Amino acid sequence: MRRVLIAVYLLLSAVVFCGCSVKEPSENSKGEPIMLPYSIEEATKDRYYYMDRKYALTSDETKVMESELETAQNWLEKHIISGSDPAFDFIVCEKKFSDSYGEYRKETEKLSDTDVSVKYRTVFTQPDSVLSVTVISELYREYPIVEYTVYLTNVGKENSDVISEFLALDTEMETGGDIRLVSWEGSESKASDFTPSSELLPIGETKKLFSSLGKSSVQFMPYFSLSWDDESAGWGRRGIFCSVGWTGEWNADIAVSDGALTVMAQQTEFSSYLKPGETVRSPLVTVMFWEKDFVRSQNIWRRWMYNVAMPQPGGEPIKPSISGNTALSTAMSQTATTENQLEAIENWIRSGIDIDCWQIDAGYNIPDSKGSGWQYNSGNWTPDRSRFRNGSLSSVSDLLHKNGLKLILWHDTERVVGGTEFSQLFSDGLLDNCVKPGIGYSVLNLSDDGITDRLISYMTERIETEGIDIYRQDATYLDGAESSLLNYWHSGDEENRSGITENRYITNYYRFWDALLEVLPAGYIDNCASGGRRLDLESAKRSVPLWRSDHCYDPDADQCMTYGLNYLMPYTGTGTRDDARGTMKYSARSAYCASLLLVYRVDGSLTGDRADRYVSVADEFRSISGYLTKDYYPLTPYDNSDSCWMAWQYCDPSDTSGIIQAFRRKNSDRTSQIFFLSGLSPERTYTVTDMDTGEYISLTGRELMTSGLTIEIPESRMSVILKYTCEA
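Predicted model, so just to flag it, every value in this text is computed and none were measured. The numbering scheme is per chain: residues are counted from 1 as the chain's sequence reads. Residue-level local features of this predicted model are given only where pLDDT is at least 70; pairs of side-chain atoms are given and counted only at 80 or more, and the full residue set underlies all totals for whole chains, interfaces and linings. Think of the side-chain values as coming from all heavy atoms in the structure, minus any hydrogens and water.

### Description of the environment of isoleucine 349
Test applied: Runs of H or I in DSSP of at least four residues are treated as helices and runs of E of at least two as strands, each being numbered from the N terminus.
By secondary structure assignment, the location of isoleucine 349 is in helix H5 (residues 338–351). Measuring from C-alpha to C-alpha, the distance between isoleucine 349 and leucine 400 comes to 10.0 Å, with 51 residues separating the pair along the chain.

Okay, here's the thing in structure tokens:
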């Protein structure tokens, strides 16, 4: 059936469209904000918060404002540099730092000053105290973002007093009107992973966000947005976006009073004295100050994440990628061999499927004595000699490198099963489970500097000898009430030292990853983490999650995860496979994010229609993948039902071109929907082209943003991709 793109001019002033009162678009003088032809009804704002704005988000309106940069700079000066109202706190000797900071001597020095940022070190000391407080802070020049970490050091010769209530963030802000919170669920291997939610916070109550099981993005994601009305701000709206950068367990309390907002965040468990020379640190706190609009703010965050915060191998952002593997034919990698891997790589190359990376997943390593399965092999990192030549993957990596491909190799480094190589190499550095001692595996004691040093030496040598380009770190079987990482960390804590093992463990975890980054050819780590369970900012500064959730190969859930995660992370990954239900294009498009794993069976018999389908998926992804890390605009509400549409827009702010993805689910009876675009130049003309049919239409940016674009999808469980470009 022919699919038509239609520009819809809304001529009625009181038509109700998806909870919005729709009016005829109005004309605006050049340079003034462009009024949108709808307003969100109060009762539906929790659902339609993403489009709750008065004006169109034109390309100019998405740019960072000078007032936002000034707000960030002033906040840093007041709450960190001058220390006049510290944004962190702790209790020692029954006194809060915030109540006694005037007794401390303060010195601030500039550590670096570049085109990207200015970094400071502020040190607080007391003549009669063994405790030194150091804050490393950073202010970004092109983004209204401040971040800092607090370090406490015992500079004396005896143990310090117990430090408690170590708050990485403790700040109060004046606000006006209702406070809207947007937060996100974490990863629990469910279809609901990364669900965004919006709510108004009642005055007098405290909202609690937190992670659990010792991982940073189980339960809630460690990010949240708060906003309120403010006549002095652009478009009368002001907000902050906060990140708690801690790969262990964290919590945040958000309290609303009449005219004020208090935000606190910390490592969940910490109450410990410090030994002489010992240092502990807070989570990394990152705060972005924004005006005008929530979605606009998240695109400022995405730009900063992709172009600054994430790894920049060779000084450039990580490019979108496609990976292949033999998971379907080798039970992940449990029956993989040198021969079948070499043969498979050659088959993929001959097939014309354009991949960048080759993944070898769990199961390539020496099996345990019982041959029970990959999960019992953690601690054996030598490839199985009975399957791989000389117990090495070098033949495989050599072939990959010869053809310009990268090797992604799986590890589950922290968990150590009894009887494995690591159980012997690190027999003096293992943490036991204090809740279930007979669970069958320990955890490497990364809180010990010496153990971390030995692990770094082992793994950096392994990266070189095996030809590993991208180190993939999992964290399996550490996610239950009995198997939580907390149960291992607790076993390492001494009396009056609660949380010290976790703090030192996570600090050395970063040191381990930093050492790997120095030798990894790709310049980044694959943060698998049992499927997206460590998606905090400290991890994101060193890695990308090429496998964002263990709930996979579910197209509608894939759409939902992309919808939610796109607000936070411009680069994530998942997989797609040949859909036996005959809707492969729908399934593949549902999985399009910056890294795509093609779980296809590619052998010597791959010909005809199947070969064409596989190649076409890779080619289509390649043609649009450059947009997947650009600005993101949801076009529909989040919805996990099978009777809805889901759609979004990506826009490259450098030239305002982009794509629109729309999906009609299997029980939706709607054949068309209207969408209002964003990020465009109002007076320029755009050509919008259906990538399936080649049909196109030309409209101005103003028309696309204020009159809308109708997309027709005539059949259920069907998707479209529209590409739009701006005429010169």
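Picking up after the structure, the text goes on.
### Quick word on the sheet that holds strand S38 (residues 685–690)
Definition in use: Between any two strands, pairing holds if DSSP finds at least two bridges. Every angle, taken between N-to-C directions, lies between 0 and 180 degrees, and every axis is a line fitted to C-alpha atoms, over only the stretch in contact when it is a helix.
Taken in spatial order, the 6 strands make up an open sheet running S34-S35-S36-S41-S38-S39, and their pairing is antiparallel. Every other strand in the sheet has two partners, leaving strand S34 (631–634) and strand S39 (696–700) as the edge strands with one partner each. Direction aside, the axes of adjacent strands within the sheet are offset by 20° on average.

### Let's talk about helix H15 (residues 608–624)
Test applied: For a helix, the expected span equals 1.5 Å multiplied by the residue count minus one. Throughout this description, buried means an accessible area under 20% of the type-specific maximum (1.4 Å probe, protein chains only), exposed means over 50%, and partly exposed covers the range between. Residue contacts are defined here by distance: any two heavy atoms, one from each residue, within 4.5 Å place the two residues in contact.
Across its 17 residues, H15 extends 25 Å between first and last C-alpha, which sits within 8% of the 24 Å expected from 1.5 Å per residue. Buried within H15 we find Ala611, Tyr614, Val617, Ala618, Glu620, Phe621 and Ile624. Looking at the buried positions of H15, the neighbouring elements they touch are strand S22 (321–324), helix H14 (584–590), strand S33 (595–599), strand S36 (658–664) and strand S41 (718–726).

### Re the packing of aromatic side chains
The following threshold applies: Here a pair means two rings of Phe, Tyr or Trp (six-membered ring of Trp) with centres within 6.5 Å. Their orientation is stacked below 30 degrees between planes, edge-to-face above 60, and tilted elsewhere. As a reminder, the over-ring test applies to NZ of lysine and CZ of arginine, requiring each to be within 6 Å of the ring centre and within 35 degrees of the ring normal.
Applying the stated criterion across every chain yields a total of 46 aromatic pairs. Arranged with centres 6.0 Å apart and planes meeting at 65°, the rings of phenylalanine 166 and phenylalanine 270 form a pair that is edge-to-face. Residue phenylalanine 166 is found in strand S11 (residues 163–174), and its partner phenylalanine 270 is found in the loop between strand S18 (260–267) and strand S19 (271–272); the two are separated by 104 residues along the sequence. The residues phenylalanine 166 and phenylalanine 270 share a single accessibility class, namely buried. For the cation-ring pair, arginine 497 lies above tyrosine 273, with the distance from its terminal atom to the ring centre recorded as 5.0 Å.

### A look at the environment of glutamate 231
Along the chain, the position of glutamate 231 falls in the loop between strand S15 (220–229) and strand S16 (237–245). When the C-alpha positions of glutamate 231 and tryptophan 304 are compared, they lie 27 Å apart, and in sequence the two are 73 residues distant.

### Some remarks on unusual backbone geometry
Phi is positive for serine 530, close to 60°, though the residue is something other than glycine. You can see serine 530 is positioned in helix H11 (residues 529–532). A positive phi angle, close to 60°, is found at threonine 656, a residue other than glycine. Position of threonine 656 relative to the elements: it lies in the loop between strand S35 (645–651) and S36. Among the residues examined, threonine 656 registers a relative accessible area of 6% and is labelled buried.

### Observations concerning the pairing of S16
For S16, the tally of buried residues reaches 9 of 9 residues, placing the bulk of the element in the interior. On S16, burial covers both faces: Arg237, Gly239, Phe241, Ser243 and Gly245 on one face and Arg238, Ile240, Cys242 and Val244 on the other are all buried. The pairing of S15 with S16 spans 7 bridges and is classified as antiparallel. Its bridge partner being in S16, tryptophan 228 is matched across the sheet by arginine 238.

### Regarding the side chain of serine 217
Put simply, the test is: Side-chain atoms alone can form a polar contact between residues adjacent in sequence; in general such a contact is a pair of N or O atoms within 3.5 Å, and within protein one must be able to donate a hydrogen while the other accepts it.
Tracing the chain through its elements places serine 217 in the loop between strand S14 (206–210) and S15. Reaching out from serine 217, the side chain makes a polar contact with the backbone nitrogen of leucine 535 at a distance of 3.0 Å. In contact with serine 217, not counting residues within four places along its chain, are Gly186, Ser187, Ser211, Pro222, Gly532, Arg533, Arg534 and Leu535.

### Re the packing of helix H9 (residues 485–492) against helix H10 (residues 500–517)
Between two packed helices, the angle of one axis relative to the other and the distance separating the axes together describe the packing. To be explicit about the condition: Any angle that is under 35 degrees is reported as roughly parallel, and any over 145 degrees as roughly antiparallel; angles of 65 to 115 degrees are reported as roughly perpendicular and all others as oblique. Gly counts as polar in this scheme, as do all residues outside two lists: the nonpolar Ala, Val, Leu, Ile, Met, Phe, Trp, Tyr, Cys and Pro, and the charged Asp, Glu, Lys and Arg.
At a minimum axis distance of 7 Å, the contact between H9 and H10 shows a crossing angle of 110°. Classified by the angle between their axes, H9 and H10 sit roughly perpendicular to one another. From H9, Leu485, Leu486, Trp489 and Gly492 reach across to H10, where they touch Thr501, Glu502, Tyr505 and Ile506. Among the residues forming the contact of H9 with H10, the class breakdown is 5 nonpolar, 2 polar and 1 charged.

### Here's the deal with the confidence of the model for the protein chain
Close inspection of predicted coordinates is inappropriate in any region flagged by low pLDDT. Rules: The predictor's confidence in any single residue is recorded as pLDDT, a number from 0 to 100.
Scored by pLDDT, the protein chain comes out at a mean of 94, with 95% of its residues at no less than 70. The model gives residues 1–18 a pLDDT under 50, and that stretch makes 56 contacts with residues more than four places away or in other chains.

### Here's the deal with the packing of helix H8 (residues 449–466) against H10
To keep things clear, this is the line we draw: Put simply, a crossing is left-handed when the front helix is turned counterclockwise from the back one by less than a right angle, and right-handed when it is turned clockwise.
Packing of H8 against H10 brings their axes to within 10 Å, and their N-to-C directions diverge by 25°. On the basis of their axis angle, the class for H8 and H10 is roughly parallel. The crossing of H8 and H10 is right-handed. In this structure, H8 uses Asp449, Thr452, Asp453, Leu455, Ile456, Met459, Thr460 and Ile463 to contact H10, whose residues at the interface are Arg504, Asn508, Arg511, Phe512, Ala515 and Leu516. A per-class count over the contact of H8 with H10 returns 7 nonpolar, 3 polar and 4 charged.

### Overview of the sheet that holds strand S31 (residues 543–544)
Ordered by their spatial adjacency, 8 strands build an open sheet running S31-S30-S28-S24-S23-S22-S33-S32, and the pairing between neighbours is parallel. Edge strands, defined here as strands with exactly one partner in the open sheet, are S31 and strand S32 (573–577). Contacting S22, strand S23 (357–360) and S33, H5 runs over the sheet at an angle of about 150° to S23. Seen against the sheet, H10 touches strand S28 (470–473), strand S30 (525–527) and S31 and runs at an angle of roughly 155° to S28.

### Looking at the pattern of salt bridges
Note the threshold: A pairing counts as a salt bridge when a side-chain nitrogen of Lys or Arg comes within 4 Å of a carboxyl oxygen of Asp or Glu.
Scanning the entire structure with this criterion turns up 48 salt bridges. For the salt bridge of lysine 110 with aspartate 113, the shortest nitrogen-to-oxygen distance reads 3.4 Å. A salt bridge links aspartate 692 to lysine 585; the shortest N-O distance between them is 3.1 Å. Of this pair, aspartate 692 sits in the loop between S38 and S39 while lysine 585 sits in helix H14, and the two are 107 residues apart along the sequence.

### A closer look at the nonpolar core
Threshold: As used here, the term nonpolar core means buried Ala, Val, Leu, Ile, Met, Phe, Trp, Tyr and Cys residues forming a set that is joined through side-chain atoms within 4.5 Å.
Counting 148 residues, the largest nonpolar core has Tyr567 and Ile711 as its most contacted members. When residues in this core are grouped by element, the largest group, 8 residues, is from H10. Once residues lying within four places of it in the same chain are set aside, the contact partners of isoleucine 711 are Trp645, Ile660, Ala662, Thr671, Ser672, Gln673, Phe675, Val720 and Leu722.

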